[in-house]
Amino acid sequence: MLSTDLRDNVLVVRVEEKRIDASKAPKFKDEITRCIEAGQNQIVLDLSQVDFIDSSGLGALVTCLKRLGPKGSLAVAGATGAVSRLFTLTRMDRVFALHPNVDTAVEQLSA
Amino acid sequence: MVSSISLSIDSDLDKVSLLARAVRALCEDLLSPDDQDAVELSLVEAINNVIKHGYHGERGKDVQVAVGLQADQVMIEVIDHAPPMPTQVLDNASEDRFDFDETDLADIPEGGMGLALIRMNMDEVEYHSSESENRLRMVKRIAPLSR
């Protein structure tokens, strides 16, 4: 479901699924929580492979953000189409920094 | 032109995407890509609600979707046989759900967003319960310039 890559102390988590919906959200949340509990608090979530996300998927992201706490960062990279539209519609674009690609996001977080 | 089709799945979250993709494909010639996104999301949220809250995640229950394609609108009904949702739940669902304080982590919603999203994405949303079934009726009007 996820593949990870550590770059400049930023954990890049790539979602290897086309959809993050209610059937996938619990596992998605568990896997990211595991990264957070392993000590990562600068995370870039690469959503470039994802073409659909529902409110369960979005809720899972918010849960992860809360688990990270105020000292951590969870940025989103590569969201397009319906995925980026959901962030705007729910005003979650105020909560998650949306970046066009992973490089820009990592640069921002490691700065 | 009026054509209609009924589809159904077992109340299993793993099966929702199959139905959503099928309905999206049905709307392809009528709706713009943004409107197809809106319909797909609304349908997924509606079915998730039925499975999670209506049937409490129990599998083996029936979820039916009726799609009516007309010249000026796409009508989608989600039909279930679960205990009905209290009407005020839909009445109270609105974009206010997303009027949270982004600087306060605790205030950011983790759930309870589905019906608000349906309301924001569809042009008409109605809920009817009878003794035998519940019907959530959603309409997306076809914008004359979207074709």
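About the criteria used
- Positions within a chain are numbered from 1, following the residues in the order the chain's sequence is written.
- As they are written, the chains are lettered A onward and the ligands numbered 1 onward, keeping that order.
- This being a predicted model, a pLDDT of at least 70 is required before a residue's local features are given, and a value of 80 or more before pairs of side-chain atoms are given or counted; all residues contribute to the totals for chains, interfaces and linings.
- To get the side-chain values, take all heavy atoms of the structure and skip hydrogens and water.
- Each helix corresponds to a stretch of at least 4 residues labelled H or I by DSSP, and each strand to a stretch of at least 2 residues labelled E; elements are numbered beginning at the N terminus.
- Here the globule rule is a power law, 2.2 Å times the number of residues to the power 0.38, and the radius of gyration is based on C-alpha atoms.
- Only protein chains enter the accessibility calculation, which uses a 1.4 Å probe; a residue is then buried when its area is under 20% of its type maximum, exposed when over 50%, and partly exposed in between.
- Here, residues are in contact when the closest pair of their heavy atoms is within 4.5 Å.
- To qualify as a nonpolar core, a set must consist of buried Ala, Val, Leu, Ile, Met, Phe, Trp, Tyr and Cys residues joined through side-chain atoms within 4.5 Å.
- Summed over both partners, the accessible area (1.4 Å probe) lost when two parts come together is defined as the buried area.
- A carboxyl oxygen of Asp or Glu within 4 Å of a side-chain nitrogen of Lys or Arg is what we treat as a salt bridge.
- In protein, a polar contact requires one atom able to donate a hydrogen and another able to accept it; more generally it is a pair of N or O atoms within 3.5 Å, and residues adjacent in sequence count only if both atoms are side-chain atoms.
- Charged means Asp, Glu, Lys or Arg here, nonpolar means Ala, Val, Leu, Ile, Met, Phe, Trp, Tyr, Cys or Pro, and polar covers whatever is left, Gly included.

## Details of the overall build of chain B
Along the backbone of chain B there are four helices and five strands. Reading the secondary structure of chain B in the N-to-C direction produces β-α-α-β-β-α-α-β-β. For chain B, the C-alpha radius of gyration of 16 Å lies close to 15 Å, the compact-globule estimate for 147 residues. In terms of principal-axis extent, the alpha carbons of chain B reach across some 50 × 40 × 25 Å. Among the 147 residues that make up chain B, the fraction classed as buried is 46%. Considering only intrachain contacts with a sequence separation of at least 6, the fraction spanning at least 24 residues in chain B is 62%.

## A look at the nonpolar core
Within soluble globular proteins, side chains that are nonpolar tend to cluster in buried spots. One finds A:Phe28, A:Met92, A:Phe96, B:Ile47 and B:Val78 to be the most contacted residues of the largest nonpolar core, which totals 75 residues. Ranked by residue count, the leading element in this core is helix α2 (residues 33–54) of chain B, at eight residues. With sequence-adjacent residues up to four places away left out, A:Met92 is seen in contact with A:Leu58, A:Val62, A:Phe87, B:Phe100, B:Ile108, B:Pro109 and B:Met113. Counting residues in hydrophobic clusters, the runner-up holds nine residues, among them A:Val12, A:Val102, A:Ala105 and A:Leu109.

## Things to note about the interface of chain B and chain A
Each partner contributes to the interface: chain B provides 28 residues, whereas chain A provides 27 residues. Both sides of the chain B and chain A interface together cover about 2,200 Å² of buried area, and 60% of this is carbon and sulfur. At the boundary of chain B with chain A, the tally comes to four salt bridges. In this structure, B:Glu102 and A:Arg94 form a salt bridge, with 3.0 Å as the shortest nitrogen-oxygen distance. Taken together, chain B and chain A are joined by 13 residue pairs in polar contact (both at pLDDT 80 or more). Broken down by secondary-structure element, the contributors of at least two residues to the side of chain B that touches chain A are α1 (16–27), α2 and α4 (114–121) of chain B. When residues of the side of chain B that touches chain A are assigned to their parent elements, the largest contribution, nine residues, is made by α2(B). Looking at the side of chain B that touches chain A, its residues break down into 14 nonpolar, four polar and 10 charged.

Read these as geometric descriptors, not functional statements.
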